[in-house]
Amino acid sequence: MSLKDKYKSLIDYAGSPKVDQLSVSENNNVLYISGSAPASVKDKIWEMYNSIDPDMRAGDMVLDIKSTDEGKTTGNVQSEGNGEAESYTIKPGDSLSKIANNYPGMTWQKIYDANKDTIKDPNVIYPGKTIRIPKA
């Protein structure tokens with residue numbers, strides 16, 4: 001089975017036209033998908049990827065979808081403007097503890113509690129997912 005077949009549902013969703021400047025290519029047994037989309041579409045694509053490769057161990061895809069939501073930048077911390085939380089886009093190698101260390105008085109438990117609606121297991125977080133960082 002080719003990688004494009006393996007990830008067909010994800011590619012079809014991204015290309016219907018949900019992702020701007022969608023690029024899908026395969027090189028050396030790795031599928032590269034890139035483009036830009038609203039955060040809700042980006043989150044759905046990551047969920048689809050997670051359902052195909054739950055442990056993200058196959059290492060056969062590089063997914064680079066930039067967020068087009070105004071005021072939010074992928075990979076950076078942005079204030080939500082309500083004074084109660086900031087958003088943070090998870091990067092490869094992050095853990096809730098590592099993220100918490102960047103915020104004085106913050107713990108991984110506080111971050112997990114603020115994101116229980118999107119994080120099922122505090123030990124399993126996914127790059128590209130945007131989470132809330134509550135005020136300490």
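Residues numbered from 1 in each chain as written. Predicted model: local features only at pLDDT ≥ 70, side-chain atom pairs only at ≥ 80, totals over all residues. Heavy atoms only, no water.

Undergrad: Explain the side chain of asparagine 115 to me, please; I cannot follow it from the model alone.
TA: Its location among the elements puts asparagine 115 in the loop between α5 (108-114) and β6 (130-134). Residue classification places asparagine 115 among the buried positions, given a relative accessible area of 1%. At a separation of 2.7 Å, a polar atom in the side chain of asparagine 115 contacts the main-chain carbonyl oxygen of arginine 132. (Helix = DSSP H or I, 4+ residues; strand = E, 2+ residues; numbered from the N terminus. Buried < 20%, exposed > 50% of the residue type's maximum accessible area, 1.4 Å probe, protein only. Polar contact = N/O pair within 3.5 Å; in protein donor to acceptor, adjacent residues only side chain to side chain.)

Undergrad: For this particular structure, what's the right way to read the environment of threonine 68?
TA: Relative to the assigned elements, threonine 68 resides in the loop between β3 (61-67) and β4 (77-79). Residue classification places threonine 68 among the partly exposed positions, given a relative accessible area of 40%. Residues threonine 68 and serine 36 lie 32 residues apart in sequence; the distance between their C-alpha atoms is 6.1 Å. Excluding anything up to four places from it in sequence, threonine 68 contacts Ser36, Ala37 and Pro38. (Contact = heavy atoms within 4.5 Å.)

Undergrad: What is the right way to read the packing of aromatic side chains from this model?
TA: By convention here, two paired aromatic rings are described through the distance between centres and the angle between planes. What the rule picks out here adds up to 2 aromatic pairs. Ring centres 5.9 Å apart and planes at 50 degrees place the aromatic pair tyrosine 7 and tyrosine 49 in the tilted group. One end of the pair, tyrosine 7, is in the loop between α1 (3-6) and α2 (8-14); the other, tyrosine 49, is in helix α3 (residues 39-52), with 42 residues separating them in the sequence. Here the two residues tyrosine 7 and tyrosine 49 agree in accessibility, since each one is buried. On the basis of an interplanar angle of 65 degrees and a centroid distance of 5.9 Å, the ring pair of tryptophan 46 and tyrosine 49 is categorised as edge-to-face. Here tryptophan 46 pairs with tyrosine 49, and both are found in helix α3, just 3 residues apart, close to one helical turn. With relative accessibility at 11%, the residue tryptophan 46 sits in the buried group. For tyrosine 49, a relative accessible area of 5% gives the class buried. Three or more aromatic residues joined by ring pairs form one cluster here, namely Tyr7, Trp46 and Tyr49. (Phe/Tyr/Trp six-rings, centres within 6.5 Å; stacked < 30°, edge-to-face > 60°.)

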